[in-house]
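Read off the chains here:
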Amino acid sequence: MNADINNIVILTGAGISAESGLATFRGPDGLWEGHRVEDVCTPEALARNPVLVHRFYDERRARLAEVAPNPAHQALAALDAAWGGDLLIVTQNVDDLHERAGAQRLLHMHGELQSALCAACGKAEAWTAPLPPASVCTGCGQPRLRPDIVFFGEMPYDMERIDAALCRADLFVSIGTSGAVYPAAGFVQTARHAGARTLELNLDPSAGSAYFEETRLGPASELVPEMVRELLG
Ligand code: NAD
Ligand code: ZN
């Protein structure tokens, strides 16, 4: 499948980390780790109940120590290392499993658990410990640090760079994402418009399956290494 393919954009979602033991966003009960999305994933929730929201992300951050990258993360890191053309892995995940597998050409469009963001000056800093509300920013000294997570209603990171990569892509692959959250759910249409081939790897057909030329259904730990073998010939 690699004839004529030089530039690749790969979008990943919670499904790629599911086999590492991290819960996906909307479980069968419609909840993320027992919480309604509106209660832990919006600016209003943070303003209303900072203790709950900070504790929720503290728990998610602590959990990272108990999980490891799976063969899907490892295969993408191997592709990144070996691929001579342009490649960009755009993850919606806030875990660090792609980088722990060794991926380098990686963007976290929805933020990272291991980062704290100052709501006063906008400085982000690496953060691995619990983050109590009103923690003090090392940049401006204000007690305004919050989890560096892009909440619903906030602008995802690096959109210009992602858009530019999509417009040059020869192949766009979406892995383990439900296609329910925009703007990521629209990447497939941008890439198609630009003439890219489009491939979806997911456990179940996603909300956007119809937009992809090809959909392969199964666990990421099997489908992703198989795709990488095909690409590297
Ligand atoms: P989602 O939970 O909405 O969808 C997950 C998708 O993965 C589903 O379509 C499901 O069929 C598929 N899936 C489940 N197990 C799979 C497997 N083993 N192999 C392949 N596919 C599998 O996730 P999403 O689309 O990423 O949701 C968006 C938001 O969830 C993101 O904004 C992200 O920030 C947040 N989130 C991140 C994490 C994380 O960092 N690990 C975890 C939960 C939620
Ligand atoms: Zn600050």
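Here's what I pulled together on the structure shown here. The numbers attached to residues start from 1 for each chain and follow its sequence in the written order. Chains and ligands are labelled by the order in which they are written, letters from A for the one and numbers from 1 for the other. In keeping with the predicted nature of the model, local features appear solely for residues at pLDDT of at least 70, side-chain atom pairs appear and are counted solely at 80 or more, and the whole-chain, interface and lining totals rest on all residues. Water and hydrogen atoms were dropped before computing side-chain values, which therefore reflect all heavy atoms in the structure.

This part takes up helix H5 (residues 71-82). Two residues of an α-helix separated by three or four positions point the same way, owing to the 3.6 residues in each turn. Strands here are runs of E lasting at least two residues and helices are runs of H or I lasting at least four, both read from the DSSP assignment and numbered beginning at the N terminus. The span one expects for a helix is its residue count, reduced by one, times 1.5 Å. Between its terminal C-alpha atoms H5 stretches 16 Å, which fits the 16 Å expected from twelve residues at 1.5 Å a residue. Exposure is judged per residue with a 1.4 Å probe applied to protein chains only, and the accessible area is read against the type maximum: over 50% gives exposed, under 20% gives buried, and values in between give partly exposed. Inspection of H5 places Ala72, His73, Ala75, Leu76, Ala77, Leu79 and Asp80 among the buried residues, and these make up the whole buried set. In this structure, the buried side of H5 is in contact with strand S1 (8-12), helix H1 (15-18), strand S2 (87-91), helix H6 (97-101), strand S7 (171-175) and helix H9 (220-232). Two N or O atoms form a polar contact when they lie within 3.5 Å of each other; inside protein one atom must be a possible hydrogen donor and the other a possible acceptor, and for residues adjacent in sequence the pair counts only when both atoms belong to side chains. Of the residues that open H5, the one with a side-chain oxygen 2.7 Å from the backbone nitrogen of Ala72 is Asn70. Throughout, a residue-residue contact means that at least one pair of heavy atoms, one from each residue, lies within 4.5 Å.

Strand pairing requires that DSSP identify at least two bridges connecting the strands. Taken together, the six strands give an open sheet; going across it, the order is S3-S2-S1-S7-S8-S9, and neighbouring strands pair in parallel fashion. In this open sheet, the two strands that pair with only one neighbour each are strand S3 (106-108) and strand S9 (214-217). In this sheet, neighbouring strand axes are inclined to one another by 15° on average, regardless of whether the strands run parallel or antiparallel. The pairing of S2 with S3 spans three bridges and is classified as parallel. Bridge pairing links Thr91 to His108 in S3. Helix axes are fitted to C-alpha atoms over the stretch in contact, other axes to C-alpha atoms as well, and angles between N-to-C directions run from 0 to 180 degrees.

Turning next to H9. The end-to-end C-alpha separation of H9 is 18 Å, in line with the 18 Å expected for 13 residues at 1.5 Å each. Turning to H9, its buried residues are Ala220, Ser221, Leu223, Val224, Pro225, Met227, Val228 and Leu231. The secondary structure elements touched by the buried residues of H9 are S1, H1, H5, S7, strand S8 (197-202) and S9. Positioned one or two residues after H9, Gly233 has a phi angle of 65°, which is positive.

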